[in-house]
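Reading the structure
Spelled out from the first residue to the last, the chains are:
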Number of protein chains: 2
Amino acid sequence: MTHNDTTPPPSGGPASAPEMNWYAWGDPERATSLDPGLRDLVSQTLNAELRDMPPVPEEQVELPPSRLTEHLREALVAVVGAEHVRTDDAVRLRRSGGKSTPDLLLRRAGKADSAPDAVVLPADHDQVQRLLEVCSAERIAVVPFGGGTSVVGGVTPVRDGFSAVITLDLRRLDRLVSFDPVSLTAVLEAGVRGPRAEELLSARGYTLGHLPQSHEYASIGGYAATRSSGQASSGYGRFEDMVVSLRAATPHGTMELGGAPASAAGPDLRQLFLGSEGTLGVITEVKLRVRELPERTLDEAWSFPDWATGTTALRELAQSDTRPTMARVLDETETFVGAAMAGQEATPGCQAVLGFEGRGEEVEARAAAVREVMIAAGGTPHGPAPVAHWRKNRFSSPYLRDTLLSAGILAETLETATNWTDLQSLYTAVRDALTEALEGDEGGVVVMCHVSHTYPTGASLYFTVATAAGADPWARWDRAKRAASDAIVAHGGTISHHHAVGADHRPWMVEEVGPLGGDVLRAVKATLDPEGVLNPGKLIPSPTR
Amino acid sequence: MTHNDTTPPPSGGPASAPEMNWYAWGDPERATSLDPGLRDLVSQTLNAELRDMPPVPEEQVELPPSRLTEHLREALVAVVGAEHVRTDDAVRLRRSGGKSTPDLLLRRAGKADSAPDAVVLPADHDQVQRLLEVCSAERIAVVPFGGGTSVVGGVTPVRDGFSAVITLDLRRLDRLVSFDPVSLTAVLEAGVRGPRAEELLSARGYTLGHLPQSHEYASIGGYAATRSSGQASSGYGRFEDMVVSLRAATPHGTMELGGAPASAAGPDLRQLFLGSEGTLGVITEVKLRVRELPERTLDEAWSFPDWATGTTALRELAQSDTRPTMARVLDETETFVGAAMAGQEATPGCQAVLGFEGRGEEVEARAAAVREVMIAAGGTPHGPAPVAHWRKNRFSSPYLRDTLLSAGILAETLETATNWTDLQSLYTAVRDALTEALEGDEGGVVVMCHVSHTYPTGASLYFTVATAAGADPWARWDRAKRAASDAIVAHGGTISHHHAVGADHRPWMVEEVGPLGGDVLRAVKATLDPEGVLNPGKLIPSPTR
């Protein structure tokens, strides 16, 4: 692919975070084109004609003119300064949505109706607080924006019913505010990106240990606002587990929640902001638990005769006292495809991947204890080598997805979680729903799945779907996604284990929390954001009665 | 003490839970009187004359007449049947408050103005749901009641502004609804008491591992509604960590929250009900994570030269990968007093107590790893024997408190938590505040403290205070408690680590969640309980603006 773009990012703080490709994930320099041989193989496998789907040139993208009136601009400039209220097209285009396949299909076709009227870059919490007061008073919708990595429509601006819509880009909130080596906590501002957080902490000998696939671009505030879960969640926990306290700006004032390591002082209100996706307030600072950098990392690949045996082995580990830091098991299809992509011989059956991090001897002892459980559960060890490819490419799958998309192949993911007892029936139901929705005149479909987050009571399921783009790829994926979401809630899964809700999962939120849960969410929002300016159209379900 | 009482409990389900002494903690048969020699020693230590404070005979307690009108009674009877709407004095008296020293001082003096107008005993969730609808329509205040173990005024009926107040005794909701040995979860009804829960689970080979001091009487619903924390929380986690999902009745309908092992589908609304103390709804069923019964238990007592060294050792354990199941460290005073009470020779400095539970070899390996940390931190091992006394008496301290109270000695506890960095300054501030409030003309005071719950980022502090009752014991303790609470919030502690808020800590809730947090709590309550009938006067702070 040659549609690289080098528009400089909006001037941020001293450590400006990188800007992503406008029509694809990540660094424009890392975009690649698909090997013709592989393309033929995919075409054959999917039994479909593939057509090239290059993006339109950036200058052909139709951006609506900014509707920010001079009055509104002045009100925003009064808070952040003129240079931090950006209305140029390049900046607006790059805030017109997230990075789901539907988002990218629109951008590639030159559609950016959802571009915000302005991108505003506050310097600190107080500016965020004042901006929210201004926006509430002027009925300007506000989309908080960290890394812009949402794959659920979480950062798509919605203008309807408002005087304007702005994207609140938090990249200037990029400081390590404080570090406490006794209590092992760090206060980070919301705009700090994943790699920068690790850089700041590792200089002191510590890590968050939070590495989701979005790590290279995602922000601390985004992690908190979406209940992110990293690839090593078995050892380090989910992001919400690391949050000791948080600070959030709302149109009605600032909230400071949490602090004690544990408390019985009423409901835990932090848990309203964790996962709130910018609809209740803007998280500006988070105090996080940190851990010592591991002395030692030990990887081990395993194979199991089949998916049922492999998932049972991971269950036994999750329910034991001695756990790996990272544990994944791939179904037969993903095992086969993964090996093919890596140029390796596929292990028979299902592959599992374990990782251990910690102090030297402790890691060895833990790995030895786990090895016993895995062998008793029917596993065969294959050493560390097969894991190396995964480690090397752990953040690259979105690039591959975009490469495939340019070659006319939809390759998208979706995910859920449930208890161990219902895991297999949920797996089958979602796979069947995706297959039924996509298989037909436009070709076949490959559905694969892995478990990558395990808990004592259950696990996540992460599906990857590959199919020909077809005549109307947006509608084609939309149909499949709806079918999968219906199957998820019908079979007791959560509508999202770590991608969050955004606009895309919002129709299923009533199943998630019930009509009364929807009332509660709306009541909280009405208290903090009475004008409803905070990230409209996301998360909060519409009334059903 | 001879004021035993054998009034039978209200007829409940097949496994009627025990009823507590009306003026004291626990089983009337287990009440004892203070050894005269010990009494003299305490009198000398406190430099105070002690006066006997026996309770008035039960027949002398002034109970206000029930104000339940015939109309209201009929409405309640229509839901639960006549035999489950109790208005007899013995039953009402035993629901007139919890088990704090102030509660008991009132009862002992024959005061029970707060007795509910009726005690209503629903059979199941649906009856609770219908009762709440009736009570909301008729403006009857409702106090949910599990074991009645609150020490923060959490179950004291408040009638003001309502047509009547009832106590909703949940003892008939006493079933194990379902058990899932694959996902390791159990659904228990809210009225199941601690020992009964363990009986039901241990018959299947499992345990909750949740053993707070209130265990012998506390209920599953109470644990959830107050964010209880058990003595082995280092290994088993706090009660809220065990809750997979919950069911709650509210005047506006039933909520079912949670289910997946983890979710990114918005704010975690379970966390509003956990710690809600009956103000937002009545928790009727909880799905809990269970664990295999331990094969092996290993105890070890340690000593440290001083409190600072001992707490640092526990911090190092909490921040390491290898942790005990239970960890406590006592300050110098509590070490000395504890040994004296046990008839043991006091270890010099501070005593620490560790417990390990799990599979045989795993326990041994973990204990060995912990031993290294403890020795490096300056600890001296003293073997298992000193722990045996603690294990034997772990649920008995409230009996001793009441024995002392009859002998004219206030012996009450309070607790908080903070990060490790601020732990020593908080410890000193609370101790000083208690000493200043209590030391004077009426005698001296002994303040002692232990850490019994540790986390990577901080720990709890549990204070025990002993002082002469003085001329007006209620006012004397009230003054001390206020001073301690002010010191706690001024020094960054949470107003409660595991006792909850109730009426007693409510004045400090604004410091805990901020004025806007108070607005959020009131908005949630207004949505679920628009008439405000649910446990009025507890938890939810009054508006401050």
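Within each chain, residue numbers correspond to sequence positions counted from 1 in written order. Starting at A for chains and at 1 for ligands, labels are handed out in the order in which the entities are written. Confidence filtering applies because this is a predicted model: local features only for residues at pLDDT of at least 70, side-chain atom pairs given and counted only at 80 or more, and all residues used for totals across whole chains, interfaces and linings. Only hydrogens and water are set aside when side-chain values are computed; all heavy atoms of the structure are taken into account.

Description of the overall build of chain A
Secondary structure elements follow DSSP: runs of H or I no shorter than four residues count as helices, runs of E no shorter than two count as strands, and numbering proceeds from the N terminus. For chain A, the count of helices and strands is 18 helices and 18 strands. Against the globule reference of 24 Å for 545 residues, chain A gives a C-alpha radius of gyration of 23 Å, in line with a compact fold. Taken over the C-alpha atoms alone, chain A extends approximately 70 × 60 × 50 Å along its principal axes. Per-residue burial for chain A yields a buried fraction of 64% across its 545 residues. Element-wise, carbon and sulfur atoms account for 51% of the exposed surface of chain A, whose accessible area totals about 18800 Å². Charge assignment: positive for Lys and Arg, negative for Asp and Glu; neither His nor the chain ends contribute. Note that the charge is assigned to NZ on lysines, CZ on arginines, CG on aspartates and CD on glutamates. Taking the average location of the 50 positive side-chain charges in chain A and that of its 71 negative ones, the two points are 3 Å from each other. The size measure is the radius of gyration over C-alpha atoms, and the globule rule it meets is 2.2 Å times the number of residues to the 0.38 power. Per-residue accessibility, obtained with a 1.4 Å probe over protein chains only, is compared with the maximum for each type, and a residue is labelled buried under 20%, exposed over 50%, and partly exposed between these values. The accessible surface values rely on the Shrake-Rupley method and a 1.4 Å probe; as for residues, cover is taken only from the protein chains in view.

Points about the pairing of strand E18 (residues 458–468) of chain B
Residues and elements named next belong to chain B. For E18, a buried count of eleven out of eleven residues is recorded, marking the element as mostly surrounded by other parts of the structure. Sheet topology note: the strand E16 (residues 409–419)/E18 ladder contains eleven bridges and is antiparallel. Paired with Thr-413 across the strands is Thr-464, a residue of E18. Taken together, the six bridges between strand E17 (residues 445–451) and E18 define a ladder with antiparallel strand orientation. By the bridge assignment for E18, Val-447 is matched with Val-465. For two strands to count as paired, DSSP must find a minimum of two bridges between them.

A few points about the relation of the copies chain B and chain A
When chain B is brought onto chain A, the operation consists of a screw motion whose angular component is 180 degrees and whose axial shift is 0.0 Å, with 0.0 Å RMSD remaining. As the rotation angle and translation indicate, the two copies are arranged about a two-fold axis. Interface residue correspondence from chain B to chain A reaches 100%, placing this contact among same-surface, isologous pairings. To line up the copies, we fit them by least squares on C-alpha atoms, keeping just the residues with pLDDT of at least 70 in both. Any pair of residues with heavy atoms lying within 4.5 Å of one another is described as a contacting pair.

Things to note about the interface of chain B and chain A
Taken residue by residue, the interface counts 71 residues in chain B and 71 residues in chain A. Here the quantity called buried area is the total loss of accessible area, with a 1.4 Å probe, experienced by two parts when brought into contact, counted for both. When chain B packs against chain A, the two sides together hide about 5300 Å² of surface, and 65% of this comes from carbon and sulfur. For salt bridges, the criterion is a side-chain nitrogen of Lys or Arg within 4 Å of an Asp or Glu carboxyl oxygen. Taken together, chain B and chain A are joined by zero salt bridges. What qualifies as a polar contact is a pair of N or O atoms within 3.5 Å, subject to a donor-acceptor requirement within protein and to the restriction that residues adjacent in sequence count only when both atoms come from side chains. Along the contact surface separating chain B from chain A lie 22 residue pairs in polar contact (both at pLDDT 80 or more). Counting residues per element, the ones that place at least two in the side of chain B that touches chain A are strand E8 (243–250), strand E9 (253–258), helix H10 (270–273), E16, E18 and helix H18 (509–528) of chain B. Counting residues per element, the side of chain B that touches chain A draws most heavily on H18(B), at twelve residues. Residues are grouped as follows: nonpolar covers Ala, Val, Leu, Ile, Met, Phe, Trp, Tyr, Cys and Pro; charged covers Asp, Glu, Lys and Arg; every other residue, Gly included, is treated as polar. A breakdown of the residues in the side of chain B that touches chain A according to their chemical character gives 32 nonpolar, 26 polar and 13 charged.

Notes on the side chain of Asp299(A)
Residue and element names in this part refer to chain A. Counting through the fold element by element, Asp-299 comes out in strand E12 (residues 296–304). Exposure remark for Asp-299: the relative accessible area of 16% places this residue in the buried category. Among the polar contacts made by the side chain of Asp-299, one reaches the side chain of Arg-391 at a distance of 2.7 Å. Those residues in contact with Asp-299 that sit more than four places away from it in its chain are Leu-354, Gly-355, Gly-383, Pro-384, Val-387 and Arg-391.

Considering the sheet that holds strand E4 (residues 164–169) of chain A
All names here are of chain A. The sheet built from four strands is open, its strands ordered E1-E2-E4-E3 with mixed pairing. This sheet does not close on itself; its edge strands, each paired only once, are strand E1 (85–86) and strand E3 (140–145). Looking at chain direction, strand E2 (residues 118–120) and E4 are connected through three bridges and run parallel. Directly across from Val-120, in E4, lies its bridge partner Leu-168.

Details of the sheet that holds strand E13 (residues 326–330) of chain A
Residues and elements named next belong to chain A. Reading across from one edge, E15-E12-E14-E13-E17-E18-E16 is the order of the seven strands in this open sheet, with antiparallel pairing throughout. Edge strands, defined here as strands with exactly one partner in the open sheet, are strand E15 (380–383) and strand E16 (409–419). Each neighbouring strand pair of the sheet contributes to a mean axis angle of 25 degrees, computed without reference to strand direction. Across three bridges, E12 lies against E15 in antiparallel orientation. Bridge pairing in E15 places Ser-303 opposite Thr-380. Only the stretch in contact is used when fitting a helix axis, every axis being a line fitted to C-alpha atoms; angles between N-to-C directions are given from 0 to 180 degrees. Sheet contacts for helix H13 (residues 360–376): E12 and strand E14 (350–358); angle to E14, the most-contacted strand, approximately 155 degrees. Each of E16, strand E17 (445–451) and strand E18 (458–468) is contacted by helix H16 (residues 423–438), which is oriented at about 15 degrees to E18, the strand it contacts most.

A few points about the pattern of salt bridges
Residue and element names in this part refer to chain A. A complete count under the given rule lists 58 salt bridges over all chains for this structure. For Asp-529, the salt bridge goes to Lys-525, with nearest N and O atoms at 2.7 Å. Taken as a pair, Asp-529 and Lys-525 share a single burial class, namely buried. Look at the salt bridges and you will find they share partners, linking Glu-19, Arg-95, Asp-169 and Arg-171 into a network.

Examining unusual backbone geometry
Its identity is not glycine, yet Asn535(A) carries a phi of approximately 40 degrees, on the positive side. You can see Asn535(A) is positioned in the segment after helix H18 (509–528). Despite not being glycine, Asn47(B) has its phi angle at roughly 55 degrees, a positive value. Within the secondary structure, Asn47(B) sits in the loop between helix H1 (36–46) and helix H2 (70–80). Its relative accessible area of 64% is what places Asn47(B) among the exposed residues.

Topic: the packing of aromatic side chains
All names here are of chain A. The aromatic pairing rule takes the rings of Phe, Tyr and Trp, using the six-membered ring of Trp, and pairs them if the centres are within 6.5 Å, calling planes under 30 degrees apart stacked, those over 60 edge-to-face and the rest tilted. Scanning the model with the defined rule gives twelve aromatic pairs over all chains in all. On the basis of an interplanar angle of 50 degrees and a centroid distance of 5.2 Å, the ring pair of Phe-179 and Tyr-206 is categorised as tilted. With a gap of 27 residues between them, Phe-179 in strand E5 (residues 176–180) and Tyr-206 in strand E7 (residues 206–207) connect regions that are remote in the sequence. Judged by its relative accessible area of 13%, Tyr-206 is buried. Note on Trp-307 and Tyr-427: the rings are 4.9 Å apart at their centroids and 35 degrees apart in plane angle, and the pair reads as tilted. Taken together, the positions of Trp-307 in helix H11 (residues 307–318) and Tyr-427 in helix H16 put the pair 120 residues apart, joining distant regions of the chain.

A few points about the confidence of the model for chain A
Across the chain, each position has a pLDDT score giving the predictor's confidence in that residue, from 0 to 100. When pLDDT is averaged across chain A, the result is 94; 97% of the residues are at 70 or more. Taken over the whole predicted complex, pTM reads 0.96, whereas the ipTM for its chain interfaces reads 0.96.

Observations regarding the packing of helix H4 (residues 101–108) of chain A against helix H15 (residues 397–406) of chain A
Residue and element names in this part refer to chain A. Contact pair H4 / H15: the axes reach a minimum separation of 12 Å and the direction vectors enclose 45 degrees. One way to sum up the angle between H4 and H15 is to call them oblique. Our pair here, H4 against H15, has a crossing hand that is right-handed. Residues Thr-101, Leu-104, Leu-105 and Arg-108 of H4 lie in contact with H15, whose contacting residues are Arg-401, Asp-402, Leu-405 and Ser-406. Here the residues of the contact of H4 with H15 sort into three nonpolar, two polar and three charged. We call two directions roughly parallel when the angle between them is under 35 degrees, roughly antiparallel when it is over 145, roughly perpendicular when it lies between 65 and 115, and oblique otherwise. Left-handed describes a crossing whose near helix is turned anticlockwise from the far helix through less than a right angle; right-handed describes the clockwise counterpart.

Quick word on the packing of H18(A) against H18(B)
It is at 9 Å that the axes of H18(A) and H18(B) come closest, and there the two elements cross at 145 degrees. Here H18(A) and H18(B) pass one another in a crossing that is right-handed. Residues Leu516(A), Asp519(A), Val520(A), Ala523(A), Val524(A), Thr527(A) and Leu528(A) of H18(A) form the contact with H18(B), whose participating residues are Leu516(B), Asp519(B), Val520(B), Ala523(B), Val524(B), Thr527(B) and Leu528(B). Split by residue class, the contact of H18(A) with H18(B) holds ten nonpolar, two polar and two charged.

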